[in-house]
Structure formats: structure tokens, C-alpha cells
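Architecture and fold: a report
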Amino acid sequence: MSDAPPGRRESVWQRPVRGSRGPVPAHSRDDIVAAAIAIADADGLAAVSMRAVAARLETGAASLYRYLSSRDDLLDLMADRVAAELRPYPEPDGHWLDTLLRMARAQRALHERHPWLSELNQRASAIGPETLAFFDACLGVMAPLPAPPTAKFEAIAMMNGIAVLFARQRTAGGASPFAGLDLTPYPHLVAALTQPPAAPPATDLFDRALGGLLRGLLAPDPA
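An account of the accompanying structure is given in this report. (Residues numbered from 1 in each chain as written. Predicted model: local features only at pLDDT ≥ 70, side-chain atom pairs only at ≥ 80, totals over all residues. Heavy atoms only, no water.)

**A short note on the overall build of the protein chain**
Broken down by element type, the protein chain carries nine helices and zero strands. The linear arrangement of helices and strands in the protein chain, starting from the amino end, is α-α-α-α-α-α-α-α-α. Looking at the protein chain residue by residue over its 223 residues, the buried ones come to 35%. Look at the contacts in the protein chain between residues 6 or more apart in sequence, and 71% of them connect residues 24 or more apart. Per element, the accessible surface of the protein chain, about 13300 Å² overall, is 58% carbon and sulfur. (Helix = DSSP H or I, 4+ residues; strand = E, 2+ residues; numbered from the N terminus. Buried < 20%, exposed > 50% of the residue type's maximum accessible area, 1.4 Å probe, protein only. Contact = heavy atoms within 4.5 Å. Areas by Shrake-Rupley, 256 points an atom, 1.4 Å probe, with all protein chains shown as cover.)

Structure below.
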């Protein structure tokens, strides 16, 4: 009997790495996850199926079910495997905001390397050990702050959301969204776009946007 709450499937990390029946398979769970990630990196998440992964490993799809009960298990394992790329976490030896920004930059780079990862944020998934370790590391950086736990979890969520947003912009390219449009009816927009370019800010927009959000969530209220 499963220990999962009603309406939720049991986490793949709560089950044995492989089934006890049948011959010893030629590939490990790690092999399966690595093959799935390679497919997703090359062709997107939609291309990842048990059949496609089995073909890449030159085996039958049925053999994969000795390790996984469904494609959902595979997606959970993929997300947690790439989360390991966030290691090593920076040492919290400076200002808490500087450390969190370094961790957020690593998240952004992770999503740029694996654009399919953001799609997994829109599905119900089990949280794996690497994801838990990243949460724990973030909370460790924020431990000296007097902000309540709710605000700290909100800060982690904002780090992830902003990282995904900027990674998508990077992978989508830098073309202007106004190119080729007749902007005559929109004088304020025309004025803004025709102003001489200003000197670039001293800090990246990613750092400025996320830094402002984190300070607002976590810094002591002056009032």
C-alpha cells in the first residue's frame, strides 16, 4: 500500500531504485535519466517518452518500467538531476543579498542550459533531494534575517521565477517586440524609443530587479 496522501502519487524517491523481479537490466536509473536529459536538451521536453529513452539506450521500453512506474517519475528525476548542477553552493561569507544573487545567477544559467526545465514548473511534481538541498542552502543564507519563514519561502520562489523569466528572454533572442509596427498612434511610446541612448546602468537588470524584490521581502521594515 502506498504511503502517499490521497490524490497524490508516491514519490519515486520513496520506492526502490529498481524492481525485484525479472533479470538484472543492462542500464541503471542514472543511465535512463541522463538519456532523457540529452533528448530534452536536443529536442525539447515533448520529445521525452519512455519509448524514445529506450531507443537511445538501445533497449526495450518495457525494461524501463523496472525502474520507473510512469513518465512522471522520469520528469521528476530529470528535474532533480539538473538541480545538482547548482552545486557547489556559495559560502555565506558576505552580505546575505550578495550570496542569494549568486545563487539566483546559477539558477538562471541552469535554465539557459536546459530551457525545458521551466515547463516542469507548471506540473505537480515530487520534490527530490537536490531540490531540497538547494532550498536548505537558501534558508541557511537567510537564517540570520528576522524575516518570517513565509517571507523566506516567497524569496526563494521569486528567485526561481525571475531566473526563469530572464532565461527565457535569453533563449528567445533580443529582437525588439516593436519591430515592424506602426507606432504613430502611440506618441509616448515613440518618444521613449527615439530618445538618445542613456549610459548603461552599473549593474545588470537581473541583479537590480531581483535585488529590489529580495530586499523588499527580507530586509527589516523601517517603519
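**Observations concerning the packing of helix H5 (residues 96-113) against helix H9 (residues 205-218)**
Here H5 crosses H9 at 130 degrees, and the two axes come no closer than 10 Å. By the angle class used here, H5 and H9 are oblique. Of the two elements, H5 crosses H9, and the hand of that crossing is right-handed. Seen from H5, the contacting residues are Trp 96, Leu 97, Leu 100, Leu 101, Ala 104, Arg 105 and Arg 108; seen from H9, they are Phe 206, Asp 207, Leu 210, Gly 211, Leu 214, Arg 215 and Leu 218. Grouping the amino acids of the contact of H5 with H9 by side-chain chemistry returns nine nonpolar, one polar and four charged. (Axes fitted to C-alpha atoms, helices over the stretch in contact; angles between N-to-C directions. Parallel < 35°, antiparallel > 145°, perpendicular 65-115°, else oblique. Left-handed = near helix turned anticlockwise from the far one by under 90°. Nonpolar A, V, L, I, M, F, W, Y, C, P; charged D, E, K, R; others polar.)

**Notes on the packing of helix H1 (residues 29-43) against helix H4 (residues 71-83)**
In contact at an axis separation of 9 Å, H1 and H4 are set at 85 degrees when each is read in the N-to-C sense. The orientation of H1 relative to H4 falls into the category roughly perpendicular. Residues Arg 29, Asp 30, Ile 32, Val 33, Ala 34, Ala 36, Ile 37 and Ala 40 of H1 form the contact with H4, whose own contacting residues are Leu 74, Leu 77, Met 78, Arg 81 and Val 82. Of the residues that constitute the contact of H1 with H4, the class distribution is ten nonpolar, no polar and three charged.

**What about the packing of aromatic side chains?**
Remark: the centre distance and the inter-plane angle together describe each pair of aromatic rings, the angle taken between the planes. As enumerated under the stated definition, the model contains three aromatic pairs in all. Judged by centre distance (5.2 Å) and plane angle (80 degrees), the ring pair of Phe 166 and Phe 206 falls under edge-to-face. Separated by 40 residues along the polypeptide, Phe 166 in helix H7 (residues 149-172) and Phe 206 in helix H9 bring together distant segments of the chain. Since its relative accessible area comes to 9%, Phe 166 is described here as buried. Residue Phe 206 is classed as buried on the basis of its relative accessible area of 1%. If you follow Arg 108 out to its NZ or CZ, it ends over the ring of Phe 206, 5.0 Å from the centre. (Phe/Tyr/Trp six-rings, centres within 6.5 Å; stacked < 30°, edge-to-face > 60°. Lys NZ or Arg CZ within 6 Å of the ring centre and 35° of its normal.)

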